[in-house]
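Fold and contact review
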Amino acid sequence: MKRIAWGITGSGDLIKETYDIMVDIQKKTDIEFMVFLSKEGETVMKWYRMWDNIQNDFPNFKTDSGPNSPFIAGPLQVGHYDALIIAPATANSVAKIAHGIADTLVTNVVAQTAKGQTPIYVLPVDQVRGDVTTYAPSGRKMKLKMRDIDVTNSEKLAEMENMHILTKPDDIYELLNIEAKED
């Protein structure tokens, strides 16, 4: 059995797609998930009306009460988990990780995990220059323009040790060698 630590930041962009994939993977496999949310990740899950779902679908989940609380970094450093997945990752979290700032639960977990052997996979929402289409909590389609600084930070992240960049939520299937769900 594999163990995966999944960190969720405060991004509404790609949260529904990522969540649906993780639920599908959980149903298809015996992978044990430990889910942890930044403070803003919790806010977004509530805003997108997914808070009750995550509690039911992933009973082993934790919320941020400080950069090292709950204590997640140690088990990741010593290899208790097979991988750390941060998906989706906000521009704020990506910038902090890329510049070595570890002052939130998610950024501290990444910084400490990088010191060990557990591989880290991050799905930054700001990867491509130009406009992207995303959805508001109401389901309304909207366009956002990616800022150069945010895309540059995602590129810096890709150059860091033990860091692997996911380009889309479906990459998680490939990462775990699982057949994607059919639409």
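As the structure is a prediction and not an experimental result, all values here were calculated from the model. All chains use their own residue numbering, which begins from 1 and follows the written sequence. The model is predicted, so local features are restricted to residues of pLDDT at least 70 and side-chain atom pairs to those at 80 or more, both for listing and for counting; the totals for chains, interfaces and linings are taken over all residues. The side-chain quantities take in all heavy atoms of the structure and omit both hydrogens and water.

**Description of the overall build of the chain**
For the record, the criterion: The helix and strand labels rest on DSSP assignments: H or I over at least four residues marks a helix, E over at least two residues marks a strand, and numbering proceeds from the N terminus. We compute the radius of gyration over the C-alpha atoms and compare it with the globule rule, which gives 2.2 Å times the number of residues raised to the power 0.38. The buried label goes to any residue with under 20% of its type's maximum accessible area, the exposed label to any with over 50%, and the partly exposed label to all in between, with areas taken from a 1.4 Å probe on protein chains only. The sign given to each residue is positive for Lys and Arg and negative for Asp and Glu; His and the chain ends receive no count. Here the site of a charge means atom NZ of a Lys, CZ of an Arg, CG of an Asp or CD of a Glu.
Assigned secondary structure in the chain consists of eight helices and eight strands. Relative to a compact globule of 183 residues, whose C-alpha radius of gyration would be 16 Å, the chain shows 15 Å and is just as compact. Taking the principal axes of its C-alpha atoms as reference, the chain extends roughly 40 × 35 × 30 Å. The buried share among the 183 residues of the chain stands at 49%. Here the chain holds 20 positive side-chain charges and 26 negative ones, and the gap between their average locations is 4 Å.

**Digging into the side chain of Lys96**
To keep it simple, the criterion reads: In the analysis that follows, any N or O atom pair within 3.5 Å is treated as a polar contact, provided that within protein one partner can donate a hydrogen and the other can accept it, and provided that, for residues neighboring in sequence, both atoms belong to side chains. Here, residues are in contact when the closest pair of their heavy atoms is within 4.5 Å.
Assignment of secondary structure puts Lys96 in helix H5 (residues 91–98). A polar contact is formed between the side chain of Lys96 and the side chain of Asp103, at a distance of 2.9 Å. Not counting residues within four places of it along the chain, the set of residues in contact with Lys96 comprises Ile101, Asp103, Thr104 and Thr107.

**Notes on the environment of Asp171**
Tracing the backbone through its elements, the reader meets Asp171 in helix H8 (residues 171–175). Owing to a relative accessible area of 14%, Asp171 belongs among the buried residues under this scheme. A C-alpha to C-alpha distance of 9.8 Å links Asp171 and Ile21, two positions 150 residues apart in sequence.

**Points about helix H1 (residues 15–28)**
Definition in use: The length a helix should cover is 1.5 Å for every residue beyond the first.
Spanning 14 residues, H1 covers 20 Å between terminal C-alpha atoms, matching the ideal 20 Å at 1.5 Å per step. Restricting attention to buried positions, one finds in H1 the residues Ile15, Thr18, Tyr19, Ile21, Met22, Val23, Asp24 and Ile25.

**What about the environment of Arg140?**
Inspection of the secondary structure assignment puts Arg140 in the loop between strand E6 (130–135) and strand E7 (141–146). With relative accessibility at 52%, the residue Arg140 sits in the exposed group. Sequence-distant contacts of Arg140, that is, excluding residues within four places in its chain, are made with Thr134 and Tyr135.

**Quick look at the sheet that holds strand E8 (residues 163–165)**
Let me state the cut-off plainly: Whether two strands pair comes down to DSSP finding at least two bridges between them. The axes are straight lines fitted to the C-alpha atoms, using for helices just the contacting stretch, and the angles between their N-to-C directions are given from 0 to 180°.
Taken in spatial order, the six strands of this open sheet run E3-E2-E1-E4-E5-E8, and their pairing is parallel. If you trace the sheet from one side to the other, it starts and ends with strand E3 (61–63) and E8, each paired once. Pairwise comparison of adjacent strand axes, ignoring direction, gives a mean angle of 20° for this sheet. Judged from the six bridges that link them, strand E1 (residues 3–8) and strand E2 (residues 32–37) form a sheet pairing that is parallel.

**A word on the pattern of salt bridges**
Test applied: The term salt bridge refers to a side-chain nitrogen of Lys or Arg lying within 4 Å of a carboxyl oxygen of Asp or Glu.
Counted according to the given criterion, the structure contains nine salt bridges. Among the salt bridges present, the one from Lys28 reaches Asp24, with a minimum N-O distance of 3.2 Å. Of this pair, Lys28 and Asp24 are both found in helix H1, four residues apart, which corresponds to roughly one turn of the helix. Since its relative accessible area comes to 42%, Lys28 is described here as partly exposed. Taking relative accessible area as the criterion, Asp24 reaches 13% and is therefore assigned buried. Residue Lys168 pairs with Asp171 through a salt bridge whose shortest N-O separation is 2.7 Å. Through salt bridges with shared partners, one network takes in Arg129, Asp148 and Glu155.

**Some words on the nonpolar core**
Put simply, the rule is: What makes a nonpolar core is a set of buried Ala, Val, Leu, Ile, Met, Phe, Trp, Tyr and Cys residues whose side-chain atoms join them at distances within 4.5 Å.
Core analysis: the biggest nonpolar cluster contains 33 residues, and Trp6, Ile25, Val35, Ile54, Phe58, Ile85 and Ile172 have the highest contact counts within it. Counting residues per element, the ones that place at least two in this core are E1, H1, E2, helix H2 (39–47), helix H3 (51–57), strand E4 (83–89), strand E5 (120–124) and H8. At six residues, the largest contribution of residues to this core is made by H1. Among residues more than four places away in sequence, those in contact with Phe58 are Trp6, Tyr19, Met22, Val23, Gln26, Phe33 and Val35. Membership of the second largest hydrophobic core comes to 19 residues, among which are Phe36, Tyr81, Leu84 and Leu105.

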